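Here is how the chains run, residue by residue.
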Amino acid sequence: MGVSPITSHVLDAARGSPAQGVPITISYAPSSQAASAGQNSVIGRGVTNNDGRCPSLLSADYELKAGVYTVRFDTKTYFALHGEKSFYPFVDVTFEIEKAAPHYHIPLNLAPFSYTTYRGS
């Protein structure tokens, strides 16, 4: 079984554990201008597993191309599962690929009033 060319790992920093049940959507736009104008299309969806990962965000055979990708984490839904409110209803991580590599990893460290992200490996 192959791996999605874009993966994510969500950790709940307040609980010190993986964030299970975070809905994730990924969209694509051919350029930053198109992305700014809202001209993007959803290319994948998933929900984080008990390890906070979403291994099938895109099919393993999906071919990445140059353009702008946005990974949207539905944090409001996640915190509602725990009976909490979140200051950020969602977190968008937008990045641009000029020349596609085989894999991109987008981690998210999450808390009700803050978040951080970086390009993982």
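Residues numbered from 1 in each chain as written. Predicted model: local features only at pLDDT ≥ 70, side-chain atom pairs only at ≥ 80, totals over all residues. Heavy atoms only, no water.

1. Some words on the packing of aromatic side chains
Moving on, step 1. Within the structure shown, the criterion is met by 7 aromatic pairs.
Moving on, step 2. When the ring of Tyr88 is compared with that of Tyr115, the centres are 5.1 Å apart and the planes differ by 85°; the resulting orientation is edge-to-face. Note that Tyr88 is positioned in the loop between helix H2 (75–81) and strand E6 (91–97) and Tyr115 in strand E8 (residues 114–117), a separation of 27 residues in sequence.
Moving on, step 3. Exposure remark for Tyr88: the relative accessible area of 28% places this residue in the partly exposed category.
Moving on, step 4. Cluster of aromatic residues (ring-pair linked, three or more members): Tyr28, Tyr69, Phe95 and Tyr104.
Moving on, step 5. Between the NZ or CZ atom of Lys65 and the centre of the ring of Tyr28, over which it lies, the distance is 5.0 Å.
Moving on, step 6. Positioned over the ring face of Phe90 is Arg72, at 3.6 Å from the centre of the ring. (Phe/Tyr/Trp six-rings, centres within 6.5 Å; stacked < 30°, edge-to-face > 60°. Helix = DSSP H or I, 4+ residues; strand = E, 2+ residues; numbered from the N terminus. Buried < 20%, exposed > 50% of the residue type's maximum accessible area, 1.4 Å probe, protein only. Lys NZ or Arg CZ within 6 Å of the ring centre and 35° of its normal.)

2. Structural notes on the confidence of the model for the chain
Moving on, step 1. Across the chain, the average pLDDT comes to 94, with 99% of residues at or above 70.
Moving on, step 2. The lowest-confidence element of the chain is helix H1 (residues 32–36), averaging 94 in pLDDT; the highest-confidence one is strand E2 (residues 17–18), averaging 98. (pLDDT = per-residue confidence, 0-100.)

3. Topic: the sheet that holds strand E4 (residues 41–47)
Moving on, step 1. The 4 strands lie next to each other as E4-E3-E5-E6, forming an open sheet whose pairing is antiparallel. Both outer strands of the open sheet, E4 and E6, are each paired with one neighbouring strand and no more. When strand polarity is set aside, the average angle formed by the axes of neighbouring strands in this sheet is 20°.
Moving on, step 2. Bridging between strand E5 (residues 67–73) and E6 involves 7 bridges; their strand directions are antiparallel. Paired with Arg72 across the two strands is Asp92, which belongs to E6. (Pairing = 2+ DSSP bridges. Axes fitted to C-alpha atoms, helices over the stretch in contact; angles between N-to-C directions.)

4. Describing the pairing of E5
Across a regular strand the side chains alternate sides, sitting on one face of the sheet and then on the other.
Moving on, step 1. A large share of E5 lies buried, amounting to 6 of its 7 residues.
Moving on, step 2. Direction of pairing for strand E3 (residues 23–29) relative to E5: antiparallel, over a ladder of 6 bridges. Paired with Tyr28 across the bridge in E5 is Tyr69.

5. So, the pairing of E8
Moving on, step 1. Bridge analysis of strand E7 (residues 104–111) against E8 gives 4 bridges, and the strand direction is antiparallel. Looking at E8, one finds that Leu108 is bridged to Thr117.
Moving on, step 2. The hairpin turn running from E7 into E8, its antiparallel successor, is 2 residues long.

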